[in-house]
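Listed below, chain by chain, are the residues.
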Amino acid sequence: MNSSSIINKLKRNSNLKVRESNFELMRIVSMFLIILGHVIGFGYLIDNNSYGAIKEVLNIMMYILIMHVNSFIILSGFFQSNSKFRLSKLFSLILQVIMYSFIIYCISIKIGWITNYNIVSIFCKLLPSSIGSYWFISSYIIVYMFSDYINKFISRLSKVEFKKLLLVLFFILSIIPFFTGKMILDNNGYNFYNFIFLYMIGAYLRRYPLRESYHFKVFSTNGYRFLMIFMFICCFSVNYLLMYYASNMLSYSNLFGEISSRILSNKLTYSNSLIIIQSVCFFEFFRYIKINSKVINYISSCVFGVYLFHENAVMRNNIYSLFNMEKYYNSYKLCLYIIVCTLIIFSVGVLIESVRKLFLKFISNLRIVKKLVDNLKNLCLSFNLKINW
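Residues numbered from 1 in each chain as written. Predicted model: local features only at pLDDT ≥ 70, side-chain atom pairs only at ≥ 80, totals over all residues. Heavy atoms only, no water.

**A look at the state of the cysteines**
Formally: Sulfur atoms of two cysteines make up a disulfide when they are within 2.5 Å. Relative accessibility under 20% of the residue-type maximum defines a buried residue, over 50% an exposed one, and the middle range a partly exposed one, all with a 1.4 Å probe and only protein chains included.
Tallying each qualifying case throughout the model produces zero disulfides. The structure places no disulfide on Cys-281, whose sulfur is separated from the nearest cysteine sulfur, that of Cys-235, by 5.1 Å. The exposure class assigned to Cys-281 is buried, which follows from its relative accessible area of 3%.

**Brief notes about the confidence of the model for the protein**
Filter applied, for reference: Per-residue confidence from the predictor is reported as pLDDT, which spans 0 to 100. Whether two residues are in contact is decided by their heavy atoms, any of which lying within 4.5 Å being enough.
Averaged over all residues, the pLDDT of the protein is 86; the fraction at 70 or higher stands at 88%. Under a pLDDT of 50 for its full length, residues 1-16 has, in the predicted model, one contact with residues more than four places off or in other chains.

**Focus: unusual backbone geometry**
One can expect most non-glycine residues to show negative phi and most peptide bonds to be in trans. The cut-off we apply is this: Strands are runs of DSSP state E lasting at least 2 residues, helices are runs of H or I lasting at least 4, and numbering of each runs from the N terminus.
One non-glycine residue, Tyr-44, lies in positive phi territory at about 50°. Residue Tyr-44 is classed as partly exposed on the basis of its relative accessible area, which comes to 48%. The backbone phi angle of Asn-324 is positive, close to 50°, even though this residue is not glycine. With respect to the helices, strands and loops of the structure, Asn-324 is situated in the loop between α16 (313-318) and α17 (333-364). Take Asn-324: its relative accessible area is 38%, and that puts it in the partly exposed class.

**Structural notes on the environment of Leu-93**
Within the secondary structure, Leu-93 is located in helix α5 (residues 87-111). The class of Leu-93 is buried, set by a relative accessible area of 12%. The sequence separation of Leu-93 and Ile-137 amounts to 44 residues, and the corresponding C-alpha distance is 8.8 Å. What Leu-93 contacts, discounting residues up to four positions off in sequence, is Tyr-140, Ile-141 and Phe-304.

Laid out in structure tokens, this is it:
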């Protein structure tokens, strides 16, 4: 091996991304909480529960876990703000969505979950339009496609300018909808512009670590993590109490009823001010955990597949009824049972994604596939398109 080959190999190795297990653990916990929230929500456990104590426990659980989606986008901003847009990543993302949509649709036809279908509906699952059935993926792809431009814009901002921008966005996208009941600006967080705001928060936290700012400098690492836990608890507690008293004041008077209804309309939205702060605390807690685990890193690489599996529209309409949770509606065993259900869904999702990755690895090594990829790259070069693959 000559010297130039050695140098090129070293360059390639230096560009390999090393997974940070603390953040990978955060991805796993976030996905677990997403599934847990869906088990409670799409299982209609709160609406169908007549036992007040259990109902309140489930409500509190929802207020604790609701920051899960925000944490994913903040984490994306943290890493992507220091990276470049890659077309291969976009293609891989779209292909993954199509594979899950098509396979789940075909299996659902076979087992009888779908009875009204035709060749056109089956073919449509092979098109990128399948992305539209996942609101999170649709918004995430838009943010990812604009990531280079967002990064270029924020790189020109000073710390003061960046901070002012975030405060302005926080006021417009969070404070105003919270206190006006979305009458001036309708933002519940299920959109790409709220994701861009969260992306910028992640980028800011990377450039200007919170622990090195303001009064946080005086805390040790353990003290800082404890502070984040305390602030996290304060956020969901205040949010829960605010909504609890707002619901009790709906009929107090016309004025209090109007204010309460506006506040209640934002109780579990991703744009809720307290939930955004809660999300930052959640992120900062995991940021300073020191851990290195190949198992965590591997499981984390499967969580996107877990999302696509369990949040598919067909799965969402059928999977939760399989667990017969209604038999535990008025029992304290319900809380334990929904955690078991969540673990089962998560584990099955990881297993399915592992199989998909092995299959895709086999396909990608085929000569015809490699040739198609090379032809696509050459086509882009022929149009003088400078694209990061």
